[in-house]
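Chain residues, written in single-letter form:
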Amino acid sequence: MKNMRSRTSTLCAAVILLAACACGKEGDAGFSTEEFAPNTGANEIVNDVYVRNAFIIGGPAGEPLPPGSGVPLYVTLVNQRTEPDRLVSVSASPTFEGFRVRGGGLDLPVRQPVGGDVNPQALLTGSTGDLRSGTYLPVSFRFQDAGTVRVQVPVLPPSQWRATYSPWPSPGS
């Protein structure tokens, strides 16, 4: 019985810690005062690195993006490892030929969320066919130390709360 209480306490503490990391900035009262979009994205874990609310903004509903297009990818990453890590690449091959990661790679400090705002963390480039919103795209996230995880990421239209999200920065800006 004592062992079960210990496991339950540990599980509750882990859930609270993860929820706190996902909430963003905390106010003095100890709870989030920021508004966040609903979690309609993909979620996965690889070796204690959490991929949360990953989604792609595609074209308007019913209108496919033409071949050669690029699409922004938004995600929150939380490193629960004991050492920093780094997102070094994303891949959606064969649907996209290439990618760019913000800053050439995203540093993931220990227990601090990265991303999760209105700016894309990556850009998938060179689509090889028509891409429609409302579909899912298999995307691989490769981390320097944690390894690689493949996630089915939703392609969402640029409407509702996503209408105010930033596109990928243009060259020279």
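Residues numbered from 1 in each chain as written. Predicted model: local features only at pLDDT ≥ 70, side-chain atom pairs only at ≥ 80, totals over all residues. Heavy atoms only, no water.

> For this particular structure, what's the right way to read the pattern of salt bridges?
One side chain can pair with another of opposite charge once the charged atoms of both are near each other. This model, assessed by the stated rule, comprises three salt bridges. We note a salt bridge from Asp117 to Arg102, for which the minimum N-O separation is 3.7 Å. In this pair, Asp117 sits in the loop between strand 7 (113–115) and strand 8 (122–127) while Arg102 sits in the loop between strand 5 (96–101) and strand 6 (106–108), placing the two residues 15 residues apart along the sequence. On the accessibility criterion, Arg102 (31% relative accessible area) is partly exposed. (Salt bridge = Lys/Arg side-chain N within 4 Å of Asp/Glu carboxyl O. Helix = DSSP H or I, 4+ residues; strand = E, 2+ residues; numbered from the N terminus. Buried < 20%, exposed > 50% of the residue type's maximum accessible area, 1.4 Å probe, protein only.)

> Explanation requested: the pairing of strand 1 (residues 42–46) in the structure shown.
Within a regular strand, side chains alternate between the sheet's two faces. When strand 1 meets strand 2 (residues 49–57), the two strands line up antiparallel, connected through four bridges. Along strand 2, the bridge assignment pairs Val46 with Val49. Linkage of strand 1 to strand 2, two consecutive antiparallel strands, is achieved through a turn of two residues, within which Asn47 is found at a positive phi near 45°. (Pairing = 2+ DSSP bridges.)

> Can you walk me through the pairing of strand 8 in this structure?
With six of six residues buried, strand 8 is to be regarded as a mostly interior element. Sheet topology places strand 3 (residues 71–79) next to strand 8; three bridges connect them, and they run antiparallel. Counted as the bridge partner of Leu73 is Ala122 from strand 8. Here five bridges tie strand 5 to strand 8, and the two strands are oriented antiparallel to one another. For Phe99, the partnering residue across the bridge sits in strand 8 and is Leu124.

> Even after reading the chapter, I still don't get the environment of Asn119, so can you show me in this structure?
Considering the arrangement of structural elements, one finds Asn119 in the loop between strand 7 and strand 8. Separated by 47 residues in sequence, Asn119 and Pro72 place their C-alpha atoms 8.7 Å apart. Apart from the residues within four sequence positions on either side, Asn119 is in contact with Tyr74, Arg102 and Ser166. (Contact = heavy atoms within 4.5 Å.)

> Mind showing me how you'd approach the confidence of the model for the protein chain here?
Caution applies to low-pLDDT regions: their predicted coordinates should not be interpreted in detail. Summing up the model confidence of the protein chain, the mean pLDDT is 81 and the portion of residues at 70 or higher is 75%. Across residues 12–37 the pLDDT falls below 50, and counting only partners more than four positions away or on other chains, this stretch makes 21 contacts in the model. (pLDDT = per-residue confidence, 0-100.)

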